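Inside the fold
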Amino acid sequence: QVQLVESGGGLVQAGDSLTLSCTATEHLFSSYALGWFRQAPGKEREFVVTISRSGSNTFYTDTVKGRFTISRDNAKNTVYLQMNSLKPEDTAVYYCAASFSSFHPATRPDEYDYWGQGIQVTVSS
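Residue numbers run consecutively from 1 along every chain, following the written order of its sequence. Reporting in this predicted model follows two pLDDT cut-offs: at least 70 for local features of residues, and 80 or more for side-chain atom pairs to be given and counted; totals over whole chains, interfaces and linings ignore these cut-offs and use all residues. The side-chain quantities take in all heavy atoms of the structure and omit both hydrogens and water.

**With respect to the overall build of the chain**
- Only runs of H or I of at least four residues qualify as helices and only runs of E of at least two qualify as strands under DSSP, and these elements are numbered from the N terminus. Across its full length, the chain holds zero helices and 11 strands.
- Order of helices (α) and strands (β) in the chain, N terminus to C terminus: β-β-β-β-β-β-β-β-β-β-β.
- Computed over the C-alpha atoms, the radius of gyration of the chain is 13 Å, within 12% of the 14 Å expected from 2.2 N^0.38 for a compact globule of 125 residues.
- On the principal axes, the C-alpha backbone points of the chain span a range of 40 × 25 × 25 Å.
- Note on exposure labels: buried denotes an accessible area under 20% of the residue type's maximum, exposed denotes more than 50%, and partly exposed covers the range between, all computed with a 1.4 Å probe on protein chains only. Each of the 125 residues in the chain was classed as buried or not, and the buried ones make up 42%.
- Restricting to contacts in the chain with at least 6 residues of sequence separation, those with at least 24 account for 58%. In this treatment the radius of gyration is a C-alpha quantity, and the globule benchmark scales as 2.2 Å times the residue count to the 0.38 power. Residue contacts follow a heavy-atom distance rule, with two residues in contact if any of their heavy atoms lie within 4.5 Å.

What follows is the structure, encoded as structure tokens:
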């Protein structure tokens, strides 16, 4: 069982930056592709970005491309989401997720096997 714990969320103003972290309690961390999803109130959970096992491949949804950057440190069992130029529409609960799938990019929630508990990001205008 893999446990994923997100941190780094909070309340920021539009245009600010924020970095989310997600640490896994699993020594086989490098065996998983990782992704970030988000869910705004009243909306379905949506894909944000994914990174391959080695970190060499990434895929972003269009709405965050150029503003968000995903990275991973397999030695620290941690994946990061650097979010720049935040907008009010980025407000959501952000979830990290781990996937055993070897297919890249994995963009659907059902392609992921483990999920974090979620962390709130609020961007004020």
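**Considering the packing of aromatic side chains**
- The pairing test for Phe, Tyr and Trp rings, Trp by its six-membered ring, is centres within 6.5 Å, and the orientation test on the planes gives stacked under 30 degrees, edge-to-face over 60, and tilted for anything in between. According to the stated counting rule, one finds eight aromatic pairs in the structure shown.
- Measuring from centroid to centroid gives 5.7 Å for F37 and F47, while their planes differ by 75 degrees, and the two rings are edge-to-face. With a gap of 10 residues between them, F37 in strand β4 (residues 33–39) and F47 in strand β5 (residues 46–51) connect regions that are remote in the sequence.
- With a relative accessible area of 0%, F37 lands in the buried category.
- On the basis of relative accessible area, F47 is assigned to the buried category, the value being 11%.

**So, the nonpolar core**
- Buried Ala, Val, Leu, Ile, Met, Phe, Trp, Tyr and Cys residues that are joined via side-chain atoms within 4.5 Å together make up what is termed a nonpolar core. With 30 residues, the main nonpolar core has W36, F68, L81, M83 and Y94 as its most contacted residues.
- Contact partners of M83, with chain neighbours within four places excluded, come to D16, S17, L18, L20, R67, F68, Y94 and V121.
- F37, F47, A97 and Y112 belong to the second largest nonpolar core, which has five residues in total.

**Things to note about the sheet that holds strand β1 (residues 4–7)**
- Taken together, the four strands give an open sheet; going across it, the order is β1-β3-β8-β7, and neighbouring strands pair in antiparallel fashion. Edge strands, defined here as strands with exactly one partner in the open sheet, are β1 and β7 (68–73). Pairwise comparison of adjacent strand axes, ignoring direction, gives a mean angle of 15 degrees for this sheet.
- If DSSP finds at least two bridges between two strands, the strands pair. Relative to strand β8 (residues 78–83), strand β3 (residues 18–24) runs antiparallel, the two being bridged by six bridges. When the bridges of β8 are listed, T19 appears paired with Q82. Inter-axis angles, ranging from 0 to 180 degrees, are taken between N-to-C directions of lines fitted to C-alpha atoms, where helices are fitted over the stretch in contact.

**Some details on the pairing of strand β9 (residues 92–99)**
- Along β9, seven of the eight residues are buried, which leaves the element largely enclosed by surrounding structure.
- In this structure, β4 lies alongside β9, joined through seven bridges in antiparallel fashion. Bridge pairing in β9 links F37 to Y95.
- Note: β9 against strand β11 (residues 119–124), three bridges, orientation antiparallel. What sits directly across from A92, in β11, is V121.
- As paired strands, β9 and strand β10 (residues 114–115) are joined by two bridges and run antiparallel to one another. Of the residues in β10, the one forming a bridge with A98 is Y114.

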